[in-house]
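Listed here are the chains, written in short residue letters.
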Amino acid sequence: MRNPLQEQLLKAGLVNKAKAAQVVREQAKKHKGKAPAAASAEQLEAQRLQAEKAERDRAIAAERNAQLRLNEARAQVRQIVEAHKIKREGEIAYRFTDGNRIRDVLVNEPLRAQLAAGTLVIVCHGEGYELLPRVAADKVRERDAAMIVLDHGHAEATAGNEADDEYYKQFEVPDDLIW
C-alpha cells in the first residue's frame, strides 16, 4: 500500500516508479534504525523506584555484613580470653575503674605486681573480669579495644596529661600505697 501523495506524483509524471520504490526503502531503513521512543512517565517512575530499592538493598547488605564482622570479632575475643586467662587467686582486692564505677578483683601479691607493671591486663568477660597476659591483650585490642578495662602498659596519650605529671612530680608517693 502506497502513500496517496506518492501515487499522485506518479500519475502526474513527476517521479518514476523506481525512484518511488527507492524512497520507500530509505524510509523503511530509517524506521528500523530509529531509537526506541522516549520513556513514558510511568516507566521513568518505575526505573527510579527500582534504583531506590537497589540502593536500599545495598545499604541493608552492608549493615548486615558489618554486624556479622562485629559478631565474629566478639567471638574471637571470647575465644582468646578463654584460652589465655590467668587463674586469679589471693585475698588482695585490686581496685580499678570501669567506666564510672570502681570494681575490684581478688589477686595475690605477684599478680598485683604484674598488673601494676603492665604485664597483665584486665579485660571485661561476660559479667566479670579476667586477667590476660600482654600478648593476648594485644590480640584482644586489635579486635575490640573496648573490652580492655585496665592496661598500665599501654600509655594513653591525652593532651593535658603532661602538665599534670610535671605538677605532681613534686609530691612523693609512698611505695606501699594500696587503695
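Every value quoted in this text rests on a predicted model; they were computed, and no experiment measured them.

About the criteria used
- Residues numbered from 1 in each chain as written.
- Predicted model: local features only at pLDDT ≥ 70, side-chain atom pairs only at ≥ 80, totals over all residues.
- Heavy atoms only, no water.
- Helix = DSSP H or I, 4+ residues; strand = E, 2+ residues; numbered from the N terminus.
- Buried < 20%, exposed > 50% of the residue type's maximum accessible area, 1.4 Å probe, protein only.
- Lys, Arg positive; Asp, Glu negative; His and termini not counted.
- Salt bridge = Lys/Arg side-chain N within 4 Å of Asp/Glu carboxyl O.
- Contact = heavy atoms within 4.5 Å.
- Pairing = 2+ DSSP bridges.

(A) Representation of the side chain of E130 in the model. With respect to the helices and strands, the residue E130 is situated in strand 4 (residues 128-133). Of the side chains bearing the opposite charge, R88 lies closest to the buried E130, which forms no salt bridge; the N-O distance is 4.3 Å. Here E130 is in contact with V81, K85, I86, R88, V121, I122, V123 and H125, once residues within four sequence places are set aside.

(B) Spatial organisation of the pairing of strand 3 (residues 120-125). The element strand 3 is largely enclosed, with a buried count of 5 among its 6 residues. With 6 bridges joining them, strand 3 and strand 4 adopt antiparallel strand pairing. The residue of strand 4 that forms the bridge with V123 is E130. In this antiparallel pair of consecutive strands, strand 3 and strand 4, the connection spans 2 residues, and G126 shows a positive phi of 65 degrees. Bridge analysis of strand 3 against strand 5 (residues 148-150) gives 2 bridges, and the strand direction is antiparallel. Counterpart to V123 in the pairing with strand 5 is I148.

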